[in-house]
Each structure stands twice: as structure tokens, then as C-alpha cells.
Amino acid sequence: MRRRDFLAVTVVGGTTAAVGGPFVLRRAYAQNPIKIGLPTVLSGGNAQYGTQVKRGCELFGKEINAKGGVLGRPLQFIYEDTGGDPATAVRKAQKLVEKDGVKFLSGTILSSEALAVSAKCPEWKVILMSTINGAGSLTTTAFHRYFFRMNTSGPMGARAISLYLGESPMKRFFGLGSDYAWGRDSVASFSNQITAAKKEVVGKDYPPVGTKDFASYISKIKQSRAEGCYLALPGQDSTIFLKQAHQFGLTREVKPIMEIVELENMKAVGDAMEGTIGSSRYPFTVDTPKNRDFVKRFHAMHGVYPDMFDGETYEGMEWLSQVIQKAGTADDLDKIIEAWEDSKYDGLEGPFFMRKCDHQAVQPGFAVQAVKDPKYPHLIPKILATYPGEKVTPKCRTEEFS
Amino acid sequence: MAFVVEQMLNALALAGLLFLVSAGLSLVFGILRVVNFAHGVFYMLGAYLGFTAVKLSGQFWLSLIVVPPVVGVVGALLEASTLRFIYRRPPIYQLLLTFGLALILEESIRVLYGPTAMGVDPPVFLQGAVDVLGAVYPSYRLFLVVLGIAVGVGVWLFLQRTRAGLVIRAVAQNSEMADCLGADVARVRTLVFGAACALAGLGGVAAAPMTTAYLGMGISVIVDAFVVVVIGGLGSIVGSMAGSLIVGAAQTWGAFYLSETAMVIIYAVMGAILIFRPWGLFGEEE
Amino acid sequence: MTPARTRALALAALAALALLPWVLARHQLSILVDLLIFGLFALSLDLILGYTGMVSFGHAAYFGLGAYGSALVLIHFGPPVPVALLAGTLLAGAVAAPVGWFSTRARDIYFAMLTLAFAQLLYTVAYKWRDLTGGSDGITGVPKTTLFWGGPSLAEPRAFYYLVAACVVLALVACRALVGSPFGRALQAIRENEHRFVSLGRDPRPFKIVVFVIAAALGGLAGALFAPFRGFASPEGMFWVLSGQGLMMVITGGIGTLVGPVIGAMVFILVQEILSSYTEHWMIFTGLIFVLIVIFLPGGVVGTARRWLEAPR
């Protein structure tokens, strides 16, 4: 055999052998665990969010299994990498359902992934629990009974910061959202609410996703004479924007306001972000005994402070476990859905209530500010105001607020 | 007036950055006839290595000098161990090889640095802003303009006025003939590839203080680089400069007045050039 | 490879395709449908890449168009799936006609760049035309309907599988016939030496445009099958990364062999699936395997297999 052909056989043979591998390895798990499938993003540009999903699950899994699990069965988390691509997300989710037999899916990061996977859940008869996805449509036009959102949605975040700004002396705002679903929807949501609060939106613009030079937009914002600029840019883009805005001195004249204030951003941007205000879905600085203890345990296990999705994922898993316990079964989804609807949960940041009409968890909303604190290696979200759940959650199946 | 000055400087700064990235791409195509899909990843590598260099030494200028050659060496090694063997094959193979290399490199960077973006501060001298004709403008962006011009002139002089540059141009025109005349074609190719990667790396080091070093910066810049190179002319340094100015201006002014359609217009221009004058504004007609 | 041997292999493959759904577990069948759909995508690309020598960086755009066409028809009108398939295929082919006409004015790398530019344009339109395409969220909830009016439901996995398998087999047969015909031989002549072709007094451009449209239509068919299978259509289906992956699938399987790219798509997807369950860093290994294939196995799986089988013993 020639060398080239030997290589060919090795490649082909190795691939074939590898096909059998996973089937053997998966058998290693024993004791009839309750499986939760997580088709999340572990590679590529959004991998930091998948990392948060993993961290939250790992901490919760370790703790609950040490106490004997749920209904006497251990929790098992199965992670799959979707790379941020909805086609891959559906493929991986389908594999988790059909091959691994999971009845619970979570960890979807992008709205496109969540919508695609959610649409399949009634067909597969599995529950999709969102701990990250903010797209309003998931609980309105795309709602079905197998979907539960236990996190703060995009409109809720915009609402919280609008409530705060309604009471501030600022009157003129600019809206800058990345040119895709979330960016546009968030700016629209904020714009509606801030105008209802009798303030003025002096300009809106939508830079393409992946913009690396915001200079022109910064010029526009300066020219508009806005006092505050509402930003709905995905993680990387917002980091770049904040850095450049700081270099242009914009942040001194115009207050940056963000729908989501994340630790990831604060670490990447650094001090240039000091003073930014916005909403946070889970600020780790919430001062309740339960949360302080959680932060300590989280830091002990992972060496970092919990970011928004770390916390929300942990809460989601805890709530799901409680619901399964209450329903007395991890396999009869109808019973679980019934147990979950109209149920309460004592979360890290306050009380949660799962609405029956749209499966949106009613929860407190927070307006926060990025401040320096010598105790921490990066900026932290200081809570400026806390709003009770009823004030920040929209009316059932709509994006309107009372 | 201040506004106009600001926008012009924005366009120039962006052009400077685009030039640093696309010059190498243009050279590799003109001289090796290879479309290097991994080019964006070398740019990213430069940004990340720049971050490390600044962190270790605290000196931005040092990293500007040290990192590009390192990136160049990485590129040269990759070329010598992979591309070198497949030059005689149809171009699709070389293209896809660079695609595969891009995957490997990009993921390796993620393994080494993790998924979070890394901020780099510009040197103290360049922090802050200066007054230019009434506009308060960040000094670092002015530096990008100067750097772009300096590098452009430097590379052009090298290719046009030195003996090494002559050999390189000979290989570009007719590699077999150059080989007969005694040029070490393989070595020229490796050097050019390495130099192109070094240029991309320089672009990355220079860009990091403005954009941070982040995963996916390679993908976001490669399409822009292709547009610049097509408009300017594959293989021409002057073309890359012209293309960068055009695309930089279009993106800057376009973002201000027509943000949603700016890219569409650029693609249309690219298409028109490819149809009516494929060798670009300054390329050589084939 | 003697004709008899080829026929035997083909029959064996057909038998396997027919029997596999009864042997495989449910999730394995899902994977197989995925492999077949992308196999069709790669096959369509081989027509222009392998047989006519045209490198297209924008082939994914037609996959995406097929998916959107099929998705929109199914969501708004709910006809039997084959109607949606037709819609997607026609949409892809219709858009490919002007694109092909413009792009073929240029040659080689410039042609490739043009296809990229057009594909990016289409991607941007899909991304921004939110009212029609759902924008970055895409169109979700695409149903699997029936085989024909009053006919069997395709919601059953095996039923849908047979539809996909039938499409792929028919496409293969059609392409085989096409490349064997005088038209097909003209394409190969163009690939071998376009200048010669011109000097013989023939214009390559109409040939190129026609094969470009056919390839786009078949790519659109793959996308049209994808939409009801996965239940959605999104801009990622048009993105240049998918185009690049298509090229990789063709090379992996064997350029210019028709059946090679189908196998190449399967290998490409399976390797990624398997690697990604083992490690988060599967991209490194995928890239590495691919680089090795490009350097050492330029004929791809099928090309190498053929050489091996024909080697003197």
C-alpha cells in the first residue's frame, strides 16, 4: 500500500471507530439520572455565554446531587455546542431528545436558536426553559405551553431602566441598536416607554452587527445633543463602542444607558465604562442573605463573580428542580407544566412567580450603575433602584405595560 | 466645520486600518496567486499577541515592533509546511487550505486566550485628544493615519526600489522564468507570505487599542479586506491604498447618512468593478 | 472500475438507502436525513466546481433561497411538501439566472468574488427584510405537511426520509445524465481549457450560465427540503461560511465525481458531530483533518478509493 493510501485508510478508519465511541462512553452514567440537555454556544464569538450556562449548572448540579438529587435521582447535564448557528442548535437539540432521551432543554443563547428549538418542542414533547433569551416573541407570538421563560425578558429590561430614567432629570435620549432583531426591538421598546414617560427620543440608529468603527455614530450622537444614549448592542459590539466613545470623550457628555449591564463588558472595557447605567437581569450585588451566600459559593467554585447568566441559569435549574419535586415526577410533562404554572420561587434576587398565561416569570427589575469598588478586580453593578415584578412585567402575551 | 474635519479624519483612520489589513492580502494574491482566507486570523493573532506583549512589557511601541515579525514567522512556517506543496494544483485547493488553516488558528487563539475580549490601552503619549481645526480628535486615530501612510510608502519603496523587491515582482510576473534566471522561487513565496502575515499582524496590533482584541475580529475584517483589494486591484499596493480610502470614506460617510444601505452600495461598487474592470483601479490587466 | 462493479455498488447503495430507516435508531435516522440534504447541496456544487471548473463562493445563497421559498409557502399556504420544494427550487433558479449572467462576465477569481458579492447582498436583504423573512430570527414553525393532496403525512420520520432520499437519488441520476450528455461534455471541455473552447468557435458563457442555474436550483432543492425538516429558515443558510463548507465537502468527497461530494458532505458533518461531542475545540481537529486531506488526498474519499481499487496488484 502506498503511503498516501495508508493515510486515507487511517482517516476513514479513525472516523468509523470514532462513530462507535460515544455510544460506548455514554453508557458510563448510572442510576437513572434526570437528564437536562443544553444546546448552548461553546465556541465562536458568543462562547462566553455558554460558559456562564455551564458554570451555573455545574454549581447547582454539584450541590443538589450532594443532597441526594431530585426525587432521589441525580441531575445530569448534557452540553452540546451549537456554535451560535440555529441549524446546528436544532440538530443538537434533536439529538439530545432522540438519542439521550432528555425531557428538558435549556441553555439556548441566540434568539434565532431559541425560536428554532422552541418551535420543535411541541412536536418532541419536551420542555424548553429559557434562562437567557430575551426576545419578546417567545412569550407572545411564538408561545406554546412547553416553553417557560424564567429570566427577565428584553422588554422587561427596557422597562426597568425606563422607569428609573422617568424620574431622572434627563430629557433627551438617543437610541443605538445593532441592526438585527434584538437591537431593533430593544430600541423600539425603550423608545415607546420613555416617550410614555414624557421624554424625548432625539435620534435612533442601527449600526450593522460586527461594526468595528463607531466613529460616525459617535459623531451623530454628539450632534443630536442627547443627554443619554440607550445602547442595545451585543456583547462584543458594545465593548468596542464603549471604548471608542470614551476615546472620543462622548461618555463625558452623554450618559451611556444599556439594556444589559454585564460583568463581561466591564472586564473587557475597564474603567472607561464607569458611570454607565442600565438594567441588569441578575446583579450579583443584590444584598440578601441567600444571594450573598450564593456569590460566595460561586466564587469558591469558579474563581470569578457570577455574571447575569450565571445567576439566572442557577435559578432556573433550582426552580425546575423544585417544580419536578412538587409534581412528583420527572417524566410526566403535563404534571410538571401544571405544577410550574402559577407557582412561586424564592430566587436569589427576590420572589419569582410563573404566570400561567404566558409562562413568563414575574420577577424584580433592577436599574444599576457600573461603579468602581476596591474590593473587586473590575467594575461592579451597583443597584440604583429595585422595582417589584408587577411593575416591570408586561401584560400577558403583549409587550405593553400597565 | 469641525464636524467635516472629524468625519474626514474618521475616514482616514479607518482607511489606515483597512490598508494595513488589505495590503498583505493584495500582495499574497498578486505574487502567489493565492486567496488567503486565513488573512483575517493573522490580523487577530497580531491583536492578541499585542495584548500579551503590552501586558508583559508595559510598552506599546515595543509590541508594535516585536509582534509583527512573530506573526510573520508563524505565517512563513505554515506556508512552508503546507501551501508550498500544492502550488501546482488548481487554485481551489490552496484556497481551501487557507480556510482550514484559518479554522485551526482561530480556535487555537481561543484555547490560549479564552472567550473574553482583551482590552489594550494605547500608549500614554497617544491617549487623549488633540485639537485639529476645531475638532477634538483622539490622538490614537491620527497615529493610525500616519502609520498607514508610513507602511504604505515603505512597502511601495521596497518593492519598487530594492533588488529584493525586483525579484519579488519578477516572480509575480512569471515565476517559471524567474526560476530559470536563478531566483529561489519557493523561498520568495515563503518570504512574501510571511511578510503579508506580518503586515496583517501589524494591523492587529494597531487596531487593538481601538477595537480590543476579540474572537471573530478576523471574520469581520476579511470581507472588508476583500472589497478593498478588489476595488484597488489585486497585487497593487497603490491599489490597496486607494481602495482603503474609498471603502473607508464610504463606510464613514455612509454610516452617517445612510447607515442601512452603506454596505449594499459598497457591494454594488465591488460588483461593478468585477464586471467591468476586474483588475481593479490599479491592478495589472491580465 | 468496471461498469458491472459500478452497477453493483449502486444497487447496494440503493438497497441500503431503502432499508436503513428500518434498522437505524430514530436519532440516527435524523442525522442521515441531514447528511442527505447537505449531500445534495454538495452535489449541486460539484456541477459547477468539478465539471465546469467554476469556483463559487456564494453557493449557500441558493440553499438559503430554497429554504425561504419553501418555508414561506408552507407557512402561508400549507400545501403538500412537493409544492413547497418546487417553489424553493424555482426561486433559487430564478435568482441565479441574473446573478449567473452578471457573474459569468468575469473569470476565475473575479467570478468567485462576484458570486461572493452577490451572495452577501442576498444575505443582507434576507437579514434586513424582517417583514418577509423574519430578519435575524428567521422563519420558524415550518410544518411538514403531506406528500400530495389527501396523501400520507410526512410528519412520520421515515416518510420524510424517503422523500429526501428519493430527491437525492433522482438528482444524482439526473446529474449523471447531464454530465454524460453533449452539454456535459462541453462543460468539461470548458473546464479543461476555456481558451481552446473559444478558439474552436464556441461561446462558453451560455453553458456556464445554464449550469450555474441548474446547480443553484438543485442547491435550492436541498434548502427547500431543509426548511420543513428542521422547521425553520434563517439568514445563516445563505452565509458565506456555509458556501465555504460546501466547497470543503466537495473536496473531501472527491471533486468531479458527483457521488463523491455526497459522501464528502456526510464525512464532513459526521466528523464535526463526533468531534464536537468530545471537545469544545473540535474546530482545530476539523481544520487539521481538512488540511491533511487537501495536501495528501486531493482526490478526496472517492478519488482515493478509486485509485486504490484500480491499483495494479
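What you see as residue numbers is a count from 1 along each chain, following the sequence as written. All chains are assigned letters beginning with A, and all ligands numbers beginning with 1, in the order in which they are written. For a predicted model such as this one, the threshold for reporting local features is a pLDDT of at least 70, and the threshold for listing and counting side-chain atom pairs is 80 or more; totals across whole chains, interfaces and linings nevertheless cover every residue. The basis for the side-chain values is all heavy atoms of the structure; hydrogens and waters are excluded.

(A) The arrangement of the environment of A:Gln48 in detail. Think of it this way: any DSSP run of H or I at least four residues long counts as a helix, any run of E at least two long counts as a strand, and we number them from the N terminus. By secondary structure assignment, the location of A:Gln48 is in helix α2 (residues 47-66). With 36 residues separating them along the chain, A:Gln48 and A:Gly84 place their C-alpha atoms 11 Å apart. Each residue touching A:Gln48, except ones within four places of it in the same chain, is listed here: A:Glu264 and B:Pro115. Contact definition: two residues touch when any of their heavy atoms are within 4.5 Å.

(B) Geometry of the interface of chain A and chain C. Every contact between the two is made by 44 residues of chain A and, on the other side, 39 residues of chain C. Here's the idea: put two parts together, see how much 1.4 Å probe accessible area each one loses, and the total over both is what we call buried area. Across the interface of chain A and chain C, roughly 3600 Å² is buried in total on both sides, 56% from carbon and sulfur atoms. Here, a salt bridge means any side-chain nitrogen of Lys or Arg that lies within 4 Å of a carboxyl oxygen of Asp or Glu. A:Arg91 is paired through a salt bridge with C:Glu273; the nearest N and O atoms lie 3.2 Å apart. N or O atoms within 3.5 Å of each other form a polar contact, as long as, within protein, one can give a hydrogen and the other can take it, and as long as residues adjacent in sequence are counted only when both atoms are side-chain atoms. Inspection of the chain A/chain C interface yields twelve residue pairs in polar contact (both at pLDDT 80 or more).

(C) Main features of the side chain of B:Asn36. Residues and elements named next belong to chain B. As for its position among the elements, Asn36 is in the loop between α1 (2-32) and α2 (39-57). Look at Asn36 and you get buried, because its relative accessible area is 1%. Apart from the residues lying within four places of it in its own chain, the contact partners of Asn36 are Leu25, Val28, Phe42, Thr98, Phe193 and Ile222. Think of it in three bands: with a 1.4 Å probe and only protein chains considered, a residue is buried below 20% of the maximum accessible area for its type, exposed above 50%, and partly exposed in between.

(D) Structural detail: the sheet that holds strand β10 (residues 277-280) of chain A. Residues and elements named next belong to chain A. Taken in spatial order, the seven strands make up an open sheet running β7-β6-β8-β9-β10-β14-β15, and their pairing is mixed. One side of each edge strand has no neighbouring strand; the edge strands of this open sheet are β7 (200-205) and β15 (380-387). Direction aside, neighbouring strands of the sheet carry axes that sit 25 degrees apart on average. If DSSP finds at least two bridges between two strands, the strands pair. Here strand β6 (residues 172-177) runs beside β7; their pairing, made up of five bridges, is parallel. Bridged to Gly175 within β7 is Lys204. Axis lines are fitted to C-alpha atoms, over the contacting stretch for helices. Their N-to-C directions set the angle, which ranges from 0 to 180 degrees. Packed on one face of the sheet, helix α5 (residues 154-166) meets β6, β8 (228-232), β9 (255-258), β10, β14 (365-371) and β15 and runs near 140 degrees to β10.

(E) Up close: the state of the cysteines. All names here are of chain A. Criterion for a disulfide: a pair of cysteine sulfur atoms within 2.5 Å. Under the definition given, this model contains one disulfide over all chains. Cys357 shares a disulfide with Cys396; S-S distance 1.4 Å. On the sign convention where negative means left-handed, the S-S torsion of about 75 degrees between Cys357 and Cys396 marks this disulfide as right-handed. With Cys357 in the loop between β12 (351-354) and β13 (361-362) and Cys396 in the segment after α14 (389-392), this residue pair connects regions lying 39 residues apart in the sequence. Between Cys57, a free cysteine, and Cys121, which holds the nearest cysteine sulfur, the sulfur-to-sulfur gap is 16 Å. Overall, Cys57 belongs to the buried group, its relative accessible area being 0%.

Distances and angles like these do not, on their own, reveal function.
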